[in-house]
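Take a look at the letters that make up each chain.
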Amino acid sequence: MQDWEGVGEFAAVARTLSFTQAAARLGISTAQVSRRVSALEARLGVKLLHRTTRSVSLTEQGEIYHAHIRPVLDGLAEAERAVTRINAAPAGRLSLTAPVTFGESAIGPLVNDFLTRHPALELTLTLTNQKIDLVAEGYDLAIRLGTLEDSSLIATRLAARTLHVCASPAYLASRGTPQQPGDLSHHNCLQGTLDHWRFRQNGRLRQLRVHGSLRCNSGWSLLDAAIKGVGLVQLPDYYLRTALAEETLAPVLEEFQPPEEGVWAVYPPNRHLSSKVRLLLDFLAERLGRSG
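Summary of the structure given here.

## Description of the packing of aromatic side chains
Working step 1: For the structure shown, the criterion picks out 5 aromatic pairs.
Working step 2: When the centroid spacing of 5.6 Å and the interplanar angle of 50° are considered together, the rings of Phe10 and Tyr65 count as tilted. A residue pair is termed long-range when its members are at least 10 positions apart, and Phe10 in helix α1 (residues 7–16) and Tyr65 in helix α4 (residues 60–84) qualify at 55 residues.
Working step 3: Under the relative-accessibility criterion, Phe10 is labelled buried at 0%.
Working step 4: Judged by relative accessible area, which is 18%, Tyr65 ranks as buried.
Working step 5: Through a chain of ring-to-ring contacts, the aromatic side chains of Phe102, Trp220, Tyr238 and Tyr239 assemble into a single cluster.
Working step 6: The aromatic ring of Trp264 is capped on one face by Arg157, whose charged end is 5.8 Å from the ring centroid.

## A few points about helix α5 (residues 100–117)
Working step 1: Between its first and last C-alpha atoms α5 spans 24 Å; for 18 residues at 1.5 Å apiece the expected length is 26 Å, and the two agree.
Working step 2: The largest bend in α5 amounts to roughly 45° and is located at Ile107, with the proline Pro109 lying one to four residues further along.
Working step 3: Within the sequence span of α5, burial applies to Thr101, Phe102, Gly103, Ala106, Ile107, Gly108, Leu110, Val111 and Phe114.

## Some points on the packing of α1 against helix α2 (residues 19–26)
Working step 1: Where α1 contacts α2, the two axes come as close as 8 Å, and the packing angle between them is 125°. One element, α1, and the other, α2, form an angle in the oblique class. Judged by the sense of rotation from one axis to the other, the crossing of α1 with α2 is right-handed. Residues Gly8, Glu9, Ala12, Val13, Arg15 and Thr16 of α1 touch α2, and the partners they reach there are Phe19, Gln21, Ala22, Arg25 and Leu26.
Working step 2: Taken together, the residues that form the contact of α1 with α2 break down as 5 nonpolar, 3 polar and 3 charged.

## Here we look at the sheet that holds strand β12 (residues 250–252)
Working step 1: Across the sheet, 4 strands lie side by side as β8-β11-β7-β12; this open sheet has mixed pairing. The open sheet has two free edges, formed respectively by β8 (189–190) and β12, since each of these has just one partner strand.
Working step 2: Along the sheet, helix α8 (residues 219–227) contacts β8 and β11 (232–236); its crossing angle with β11, the most-contacted strand, is approximately 140°.
Working step 3: The strands touched by helix α9 (residues 237–245) within the sheet are β7 (163–167), β11 and β12, with β11 carrying the most contacts at an inclination of about 120°.

## Quick look at the pairing of strand β10 (residues 204–209)
Residues in a regular strand point their side chains to alternate faces of the sheet.
Working step 1: Sheet analysis places strand β9 (residues 196–201) next to β10, joined by 6 bridges and oriented antiparallel. Opposite Phe199, over in β10, you have Arg206 as the bridge partner.
Working step 2: The antiparallel pairing of β9 with β10 creates a hairpin that spans 2 residues between the two strands, and Asn202 there sits at a positive phi of about 55°.

Reading guide: rules and limits
- Residues numbered from 1 in each chain as written.
- Predicted model: local features only at pLDDT ≥ 70, side-chain atom pairs only at ≥ 80, totals over all residues.
- Heavy atoms only, no water.
- Phe/Tyr/Trp six-rings, centres within 6.5 Å; stacked < 30°, edge-to-face > 60°.
- Helix = DSSP H or I, 4+ residues; strand = E, 2+ residues; numbered from the N terminus.
- Buried < 20%, exposed > 50% of the residue type's maximum accessible area, 1.4 Å probe, protein only.
- Lys NZ or Arg CZ within 6 Å of the ring centre and 35° of its normal.
- Expected span 1.5 Å × (residues − 1).
- Bend = angle between axes of the 7 residues up to and from the residue.
- Axes fitted to C-alpha atoms, helices over the stretch in contact; angles between N-to-C directions.
- Parallel < 35°, antiparallel > 145°, perpendicular 65-115°, else oblique.
- Left-handed = near helix turned anticlockwise from the far one by under 90°.
- Contact = heavy atoms within 4.5 Å.
- Nonpolar A, V, L, I, M, F, W, Y, C, P; charged D, E, K, R; others polar.
- Pairing = 2+ DSSP bridges.

And the structure:
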């Protein structure tokens, strides 16, 4: 069995470069620290520390040994934190940002459910379509949609979203139902911030430029226009669930539906994700995955 005597004491000295500070951290005497480090050096047969009356420094062997034991000791400390907080109620503050529409329709209600389960938590939810610098602004998590840009952030896929082309039954009755993407050139296509719609045709992703009588940066306004028979619309599924269920809109061109896109949680690459952030992350993944 591995003999751990002196390892913790050496690590404390290596981090502080002081026997006195190491002893204060460990709550033991300086003499005990010195004795246990000396015993460790004797057992290993190497000198780990240079000691003078004024300073302490690591030898080459000490630097190598410390580099190997530090992650082990960090892991042990994290294991202790993990088992001791199992029965502790999560508390403190969390900050989360999400796109406006998806945040209003999906993330906001889930955050409210999460807080009813964990009333000791305080959560700030910021809805914006701007990309926030999580590190600079101090956010714990961000919800992002679609294809992620390369970054130093860590990403966890929570769910998927799909795009659908829909129109009201009245519009289709008067204008006909498009059978392939090319037919859209003869239809009134309600546009959002982009002037093209996406499809998968012949195994390839295709971007098709569309035209229509309305351009609007609000998906809800486009949805309302489509329900009222103004034209066709291409929107993510979370806008359309109620309208499709109530048959106020009908899907078209489903065989040309583009590949699904990811719903992601991204967060800074902290060495250890805090328990409350992990709790929120797991909750969102479970609930969004269930509804997706």
